[in-house]
Structures are given as structure tokens and as C-alpha cells.
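# Secondary and tertiary structure notes
Spelled out, the chains give:
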Amino acid sequence: YDITFDWRAGETILAAGERADVSLAFSCREGHCGTCKARVVDGDVAHTEAAILSKRDIEKRAVLLCQATPLTPTLRLTYD
């Protein structure tokens, strides 16, 4: 996905996507299930600790869309 819509301060990628009518995978919204796991290909995000992400996931720039907030105006994400 290339997501290029306006973010609201503190808004998660999932919430922003829903507001913009972009369909993103999710289930629990709490960072426990991993359904919304994606990898950041371009751009930067802030992400809270998520026990479901392994050290390797984090090294590969994996994030949970329900927990991550954008730090750049444009993000490029992929589902692996």
C-alpha cells in the first residue's frame, strides 16, 4: 500500500486508514493478534512496544498498524 492521506496528530495508521476509507487488515486493535502486522518500506513511524513482534520483526521494520503512528507525510507499507 502507498498511503498518502492526511494524518491527525497521534492517530494510528489503522485509524487514519479507516477515516480515509482505506481497507487495512486488523482484528483486535490492541496489538495482541498480529493481524495488522505490516512492514514499513518507506517513511517512518513511532511504535509502542508490542510483545507480539519479535526482535527480527522489528529489525525488518515490521509494525502493527493499530499501534504505529506516522512520523512522515507519506508511508509505503507491505504485507509480507
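Scroll up to find the structure this text is about.
Source: prediction; values computed, not measured. (Residues numbered from 1 in each chain as written. Predicted model: local features only at pLDDT ≥ 70, side-chain atom pairs only at ≥ 80, totals over all residues. Heavy atoms only, no water.)

## Concerning the overall build of the protein
- The secondary structure content of the protein amounts to two helices and six strands.
- Along the protein, helices and strands appear, N-terminal first, in the series β-α-β-β-α-β-β-β.
- Each principal axis of the C-alpha atoms in the protein carries an extent, and together these give about 30 × 25 × 20 Å.
- Expressed as a percentage of the 80 residues in the protein, the buried residues total 35%.
- Taking as baseline every contact in the protein between residues at least 6 positions apart, the subset at least 24 positions apart corresponds to 58%.
- A total of about 4900 Å² of accessible surface is found on the protein, and carbon and sulfur atoms cover 47% of it.
- Averaging the coordinates of the 10 positive side-chain charges in the protein and doing the same for the 12 negative ones gives two points 5 Å apart. (Helix = DSSP H or I, 4+ residues; strand = E, 2+ residues; numbered from the N terminus. Buried < 20%, exposed > 50% of the residue type's maximum accessible area, 1.4 Å probe, protein only. Contact = heavy atoms within 4.5 Å. Areas by Shrake-Rupley, 256 points an atom, 1.4 Å probe, with all protein chains shown as cover. Lys, Arg positive; Asp, Glu negative; His and termini not counted. Charge placed at Lys NZ, Arg CZ, Asp CG, Glu CD.)

## Regarding the pairing of strand β6 (residues 75–78)
- Across the two faces of β6 the burial differs, with Leu75 and Leu77 buried and Arg76 and Thr78 not buried at all.
- Where strand β2 (residues 37–42) lies against β6, three bridges are found, and the strand directions are antiparallel. Considered in β6, the bridge of Val40 is made with Leu77. (Pairing = 2+ DSSP bridges.)

## Here we look at the nonpolar core
- Counting residues in each nonpolar core, the largest one holds 18 residues, and the members touching the most others are Ile13, Leu64 and Leu65.
- At the level of elements, α1 (13–19), β2, β4 (62–64) and β6 are the ones that each hand at least two residues to this core.
- The contact partners of Leu64, leaving out residues within four places of it in the chain, are Gly31, Gly34, Cys36, Lys37, His47, Ala50, Ile52 and Leu53. (Core = buried A, V, L, I, M, F, W, Y, C linked by side-chain atoms within 4.5 Å.)

## Describing the pattern of salt bridges
- Here the structure, examined in full by the defined rule, presents four salt bridges.
- Across the pair Asp44 and Arg61 runs a salt bridge, and its minimum N-O distance is 3.3 Å. Here Arg61 lies in the loop between α2 (55–59) and β4 and Asp44 lies in the loop between β2 and β3 (45–46), a separation of 17 residues in the sequence.
- What makes Asp44 partly exposed here is its relative accessible area of 41%.
- Owing to a relative accessible area of 34%, Arg61 belongs among the partly exposed residues under this scheme. (Salt bridge = Lys/Arg side-chain N within 4 Å of Asp/Glu carboxyl O.)

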